[in-house]
Amino acid sequence: MKIIISGFGGQGVLSLGKFISYSAIEENLNTSWLPSYGPEMRGGTANCSVIYSAEEIAAPVIDKPDVLIAFNEPSLAKFENSVVPGGVIIINSDIVHTKTTRKDVKFYEIPVDTLASAINKRGANVYMLGALLPIFKDITVEAATKAIEHVFESKPKVIPANIECLKAGCEYMTKLVK
Amino acid sequence: MKKLWKGNEAIAEAAVAAGCRYFFGYPITPQNEIPEYMSWRLFEVGGAFIQAESEVSAINMVYGAAGAGARAMTSSSSPGISLKQEGISYIAGADLPCVIVNMMRSGPGLGGIQPAQGDYFQATKGGGHGDYHCIVFAPSTVQEFVDITYRAFDVADEYKNPVMIIGDGMLGQMMESAEIPPMRDLSTLPNKDSWAACGHSDGKQRLINSIRFEADELEAFNDYLFKKYEKIAEKETRYEEYYNEDAEYVFVAYGSVARICKAAVMELRQEGIKAGLIRPITLYPYPSKVINDTAKKHGVKKFITVEMSKGQMVEDVRLAVNGLKPVEFYGRCGGNVMMPADLVKFVKEGK
């Protein structure tokens, strides 16, 4: 599974990628997380390429993602044409108001900021992680929960609200996928 | 147990596990996580970390620590490695072991901070002045960074030779699942009392330096170094062959670029084009023999060297192929990274 996550710096784009990689490790899968670094991160877009697989991971760079998660307009414009036919594009519809021009992909609009803020104001990316699970199919809620517990080990207070976000995101998407 | 490790941090922890207790460095992107990690980790294990006032100073601290018999290390990125070259030449001239990491960025000059492989010549053909070589490793995954760093200290000690590990910003910044080997028991590390300036020479003076004014003495030392390099070539040359048995189009690439080639090999094979890869793991000594043996195979149509440079390793590929088959080159520069699709297109158009 090849995933590109893209948005503004500060939206938790890189963290969401790490959450996916930590979850994949919990499922004993190989994983790689490659951040964009350098000048393009300052005030512009941040993105990361995440891959998980039961096989050896060859290139850590992604030219044809299976899933694109766009947290802002420029990200959708930059990456939508690279998604594989039959792939998935998800937008944060609180910020992105453009729809994809692609007819051969599954397109989901999730107002993650609004939905997550009811539970945890800083939980939009964890909500998105939950929403990704019904698409991934091979990463369970249990594995993602363990990953969240691991990532927030040093801040145990925030764990329950984040797990709630994760589960809410998963339930929301399960209904959409059906 | 496998954990998610950032390339730079995995190198640092692997060095600690290998018994490295002394790190001297100066900050530069994209390798800052190595000194940052060492700054607290070495303190935990009773070692010493110094952020020197410059790269020149840091490499000379490594020189001193290595002369005293310690497992010592420094890391930097391209412009910083240039500054260290005088010290590296002195360390080679003093016949001392140490480990140097170069997380390459784009150049020349200050260049950019994005990944590149423009320091191949510098790493393999000397870098500093005089007749000497570092042993150069080029890992391509975070796990391989761990395994090679762990072993690099043993290799350096065994041959009393500086070892350079080269990666690029991509490998340093990315995270992958990797397992760190167990902590070495320091009492099992090689004993250096017979030569090190460590206060164990019964009051006799022990001088470690690289100055040899007598022509014959220096030539004998040059001969000694090159005998050593022959032995290293025989015992330490490493490479990986990937779908090379029946390949007609053979990529040669190292580090992160080799992984992009692997993805291209798979795509080409799915389209019925027999592609393969030779991935040098040691850049010095260079795995010339496997390339030459491959060039002799009837089925092989051409070699395609792929680098994030204007073409440096391609010269060693051409020397190894020795005119037996065409050797082509594909490169990107400035911090740009080629995609598997670019390589697939290059092979198909050139068929």
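Since the model is a prediction, treat every value here as computed from it, not as a measurement.

**What to know about the overall build of chain A**
Point 1. Looking only at helices and strands, chain A has six helices and six strands in total.
Point 2. Counted from the first residue to the last, chain A has its helices and strands arranged as β-α-β-β-β-α-β-β-α-α-α-α.
Point 3. Scaling as 2.2 N^0.38, a compact globule of 178 residues should have a C-alpha radius of gyration of about 16 Å, and chain A matches this with 15 Å.
Point 4. Considered along the principal axes of its C-alpha atoms, chain A spans approximately 40 × 40 × 40 Å.
Point 5. Here chain A, with 178 residues, has 56% of them falling under the buried criterion.
Point 6. Summed over all atoms, the accessible surface of chain A reaches about 7900 Å², with 54% contributed by carbon and sulfur.

**A look at the domain arrangement of chain B**
Put simply, an interface is often sized by how much accessible area is lost when its parts join up.
Residues and elements named next belong to chain B.
Point 1. We note that the domain assignment places domain 1 (3-236) and domain 2 (240-350) within chain B.
Point 2. Inter-centroid distance (C-alpha atoms) of domain 1 to domain 2 is 28 Å.
Point 3. Each partner contributes to the interface: domain 1 provides 33 residues, whereas domain 2 provides 24 residues.
Point 4. Surface buried jointly by domain 1 and domain 2 totals about 2300 Å² across both partners, of which 56% is contributed by carbon and sulfur atoms.
Point 5. At the boundary of domain 1 and domain 2, one finds three salt bridges.
Point 6. For the pair domain 1 and domain 2, the interface holds 15 residue pairs in polar contact (both at pLDDT 80 or more).
Point 7. Those elements that provide at least two residues to the side of domain 1 that touches domain 2 are helix H5 (120-124), strand E6 (135-137), helix H6 (142-159), strand E7 (162-168), helix H7 (169-173) and helix H8 (215-236).
Point 8. Of the residues forming the side of domain 1 that touches domain 2, the biggest block, four residues, is contributed by H8.
Point 9. Split by residue class, the side of domain 1 that touches domain 2 holds 19 nonpolar, eight polar and six charged.

Cut-off values and rules
Residues numbered from 1 in each chain as written. Chains lettered and ligands numbered in written order. Predicted model: local features only at pLDDT ≥ 70, side-chain atom pairs only at ≥ 80, totals over all residues. Heavy atoms only, no water. Helix = DSSP H or I, 4+ residues; strand = E, 2+ residues; numbered from the N terminus. Rg over C-alpha atoms; globule rule 2.2 N^0.38 Å. Buried < 20%, exposed > 50% of the residue type's maximum accessible area, 1.4 Å probe, protein only. Areas by Shrake-Rupley, 256 points an atom, 1.4 Å probe, with all protein chains shown as cover. Domains from an automatic or database assignment. Contact = heavy atoms within 4.5 Å. Buried area = accessible area lost by both parts, 1.4 Å probe. Salt bridge = Lys/Arg side-chain N within 4 Å of Asp/Glu carboxyl O. Polar contact = N/O pair within 3.5 Å; in protein donor to acceptor, adjacent residues only side chain to side chain. Nonpolar A, V, L, I, M, F, W, Y, C, P; charged D, E, K, R; others polar.

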